[in-house]
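Coordinates in review
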Amino acid sequence: MKARLPVRIFCGLATILFSLIALLPILWMLLSSLRPVSEFFKMPQTVLPDIWTFENYVNLFKKTNFTTWVGNSLLVSVGTVGICILAATLAAYSLSRFSYPGRKAFVIFSMIGYMMPAVLIVIPVYLIFAQLRLVNTLLGLIISYIALTLPYSIWLLRAFFKSLPISIEESATMDGAGTLVILFRIVLPISLPGIISTSIYAFSYVWNEYLFAAILLSSDSMRTFPVGLKSFVNDLYIQWEYIMAGGIMVSIPAMILFLVSQKQLIQGMSAGAVKG
């Protein structure tokens, strides 16, 4: 036991060190968002602002469409996650519990589609959506994100469902419960960690996705925040004050989500890794 103590101390210190290194960019972004514009190009640079101000945040909400961009991102993210998780849950449960022709081929081909780089399919998607009049609409963006996140969500939930003991479901079947009753009243409550971890994956992907949003959305009122923040960079100048303040603001929902659900996230990922 005493021999393991130095190893634990070393691992703890290494974890703290790497965590601080990972947090340094976020800390610098936070400090930069609280300094006036005149200090961004001051040489030499100082770690702490000479003048602390919230003017960048005030101007971000007053002088830009940042609120609209974040609202669009929330709508797209929540819509995508809701539909994706519902479809992935039904598909994953079917793939993990029933035997029928093409079941294994479906899993393989869905993962092949997931592994295909998004840049290869964004132009075909744009051409198809143009024919369907879904370009520059949030509905079109939600549909594209569902197609991007659904294969991996099915794979994650399928692995999680396969790790659950089937004896509980067999007992419920003997008591006369149907498939949907077993799924929604028995399986889903005990599968909550896996569903939450999959939802966090889908939300994080959609919340930060830039390529499809930049290609499919053209008007400023339809932009999501990644595309909106990119508009602060042009050929003449870069509005660093808005980029830093906006980056901090859009990081808050994701950070809160991870902090609130970190226990379920760890349980879901570890349980799904037991049996694939």
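A separate point is the overall build of the chain. From N to C terminus, the chain includes 12 helices and zero strands. Sequence-ordered secondary structure for the chain, helices as α and strands as β, is α-α-α-α-α-α-α-α-α-α-α-α. Its C-alpha atoms put the chain at 75 × 70 × 30 Å along the principal axes. Within the chain, residue pairs in contact and separated by at least 24 positions form 72% of the contacts whose partners lie at least 6 positions apart. Per element, the accessible surface of the chain, about 16100 Å² overall, is 73% carbon and sulfur. When the 18 basic and 10 acidic side-chain charges of the chain are each reduced to a single mean position, those positions are 12 Å apart.

With that settled, the discussion passes to empty space enclosed by the protein. One pass over the structure, following the stated rule, counts one cavity of 30 Å³ or more. When its volume is computed, the largest cavity comes out at roughly 40 Å³. In terms of lining residues, the largest cavity is bounded by Ser73, Val76, Ser77, Tyr145, Val206, Trp207, Glu209, Thr224 and Pro226. Listing elements by their share of the lining of the largest cavity, those giving two or more residues are helix H3 (66-97) and helix H9 (192-208). Tallied by class, the residues present in the lining of the largest cavity amount to five nonpolar, three polar and one charged.

We now examine the confidence of the model for the chain. For the chain, the average pLDDT comes to 85, and 93% of its residues sit at 70 or higher. Residue range residues 272-276 is modelled with pLDDT below 50. Its contacts to residues more than four positions away, or to other chains, number eight contacts.

Moving on, we come to the layout of surface pockets. Its volume calculated, the largest pocket comes out at about 220 Å³. Gly113, Ile121, Ser144, Ala147 and Leu148 are the residues nearest the centre of the largest pocket, which is lined by 14 residues in total. If you tally residues by element for the lining of the largest pocket, the top one is helix H6 (residues 138-162), at five residues. A class-by-class count of the residues in the lining of the largest pocket yields 12 nonpolar, two polar and no charged.

Criteria and thresholds
Each residue is numbered by its place in its chain's sequence as written, counting from 1. A pLDDT threshold of at least 70 governs which residues receive local features in this predicted model, and a stricter bar of 80 or more applies before side-chain atom pairs are shown or counted, although totals over entire chains, interfaces and linings include all residues. Only hydrogens and water are set aside when side-chain values are computed; all heavy atoms of the structure are taken into account. Helical segments are the DSSP runs of H or I of at least four residues, strand segments are the runs of E of at least two, and each set is numbered from the N terminus. Should any heavy atoms of two residues lie within 4.5 Å, those residues are counted as being in contact. We get accessible surface area from the Shrake-Rupley algorithm with a probe of 1.4 Å; when it comes to residues, only the shown protein chains can shield them. All tallies of charge rest on Lys and Arg as positive and Asp and Glu as negative; His and the ends of each chain are not included. For charged residues, the charge sits on one atom: NZ in Lys, CZ in Arg, CG in Asp, CD in Glu. The way it works is a 1 Å grid over only the protein atoms, where trapped points that fit a 1.4 Å probe form a cavity and open points with protein on both sides within 12 Å along at least five of seven lines form a pocket, and then any residue with an atom within 4 Å of a point lines it. Grid points are joined across faces, edges and corners, and a volume is the space filled by probe spheres set on the points. In this count, Pro and Cys sit with the nonpolar residues alongside Ala, Val, Leu, Ile, Met, Phe, Trp and Tyr, while Asp, Glu, Lys and Arg are called charged and the others, Gly among them, polar. Note: pLDDT gives the predictor's confidence per residue, expressed from 0 to 100.

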